[in-house]
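Descriptive analysis of the structure
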Amino acid sequence: MKALLLAACLPALAEPVAAQPCPLDGGNAPLALHKSWIMEGWERNEGDPPFVFAEKMSRYYDVKAPRGVFYDNFAPGPTQLFDNAAVYGANWENLQNGARSVRHALTGGDDQITGGDVASTTIGFVGQISRLDGEVVAFDGRSQLGWVCIDGAGKIRQELNYARVVKPQDIARFYRQQAEGK
């Protein structure tokens with residue numbers, strides 16, 4: 001009897017396990033992740049622990065297989081184009097850790113396109129870096145992320161970010177709107 005039961009179960013064990021699909025709506029959908037990526041992932045508040053990209057951003061990037069294309073015209077250092085998320089992310093650690101705070105607000109222009117195991121999202125955002133030396137850098141940006149589904153979670157594989165420096169008063173209304181819940 002045991003042999004018969006084992007023989008009946010073996011074919012089921014030999015079949016490949018279906019890949020877990022990624023959510024297309026809710027808090028783990030690509031557009032929600034994109035908003036969380038900027039509003040939580042890249043935020044820094046006074047007193048936060050040191051920013052370590054591989055720890056703080058692993059929800060958004062596949063840090064075990066970091067290959068991709070990551071472009072940001074605002075990236076610190078000598079290059080703005082990276083083919084490895086881990087290198088790209090580590091490049092931001094000094095800027096983050098050299099800031100008292102890094103704040104963002106969303107500006108609109110959000111979109112999500114999904115299909116199969118990939119997605120593309122766009123958002124508009126503003127930000128303000130308050131450096132430890134007192135300098136304040138305000139910027140207005142756009143972001144487009146290409147997502148792949150890995151083990152049921154969306155991970156950034158392609159990134160295109162553009163930001164331009166602006167005056168803090170030029171973006172203050174977005175922070176007011178955010179505080180008012182608009």
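Structure first, text after, so check above.
First, a word on what this report is: a plain description of the structure on this page.

**As for the overall build of the chain**
Along the chain, the regular secondary structure elements total 6 helices and 6 strands. Traced from its N-terminal end to its C-terminal end, the chain shows the element sequence α-α-α-β-β-α-α-β-β-β-β-α. Taken across its 182 residues, the chain has 36% of its residues classed as buried. Taking as baseline every contact in the chain between residues at least 6 positions apart, the subset at least 24 positions apart corresponds to 57%. Here the chain displays about 10500 Å² of accessible surface, and carbon together with sulfur accounts for 56% of that area.

**A word on the pairing of strand β6 (residues 153-166)**
One ladder, built from 4 bridges, connects strand β1 (residues 67-72) with β6; its direction is parallel. Note on β6: the bridge partner recorded for phenylalanine 70 is glutamate 159. Between strand β5 (residues 136-150) and the antiparallel strand that follows it, β6, lie 2 residues; aspartate 151 among them carries a positive phi value of about 50°.

**Some details on the pairing of strand β3 (residues 99-115)**
Judged from the 13 bridges that link them, β3 and strand β4 (residues 118-131) form a sheet pairing that is antiparallel. Bridge pairing links alanine 105 to valine 126 in β4. Taken together, β3 and the strand that follows it, β4, pair antiparallel across an intervening segment of 2 residues, in which glycine 116 is found at a positive phi of about 60°.

Calculation notes
- Residues numbered from 1 in each chain as written.
- Predicted model: local features only at pLDDT ≥ 70, side-chain atom pairs only at ≥ 80, totals over all residues.
- Heavy atoms only, no water.
- Helix = DSSP H or I, 4+ residues; strand = E, 2+ residues; numbered from the N terminus.
- Buried < 20%, exposed > 50% of the residue type's maximum accessible area, 1.4 Å probe, protein only.
- Contact = heavy atoms within 4.5 Å.
- Areas by Shrake-Rupley, 256 points an atom, 1.4 Å probe, with all protein chains shown as cover.
- Pairing = 2+ DSSP bridges.

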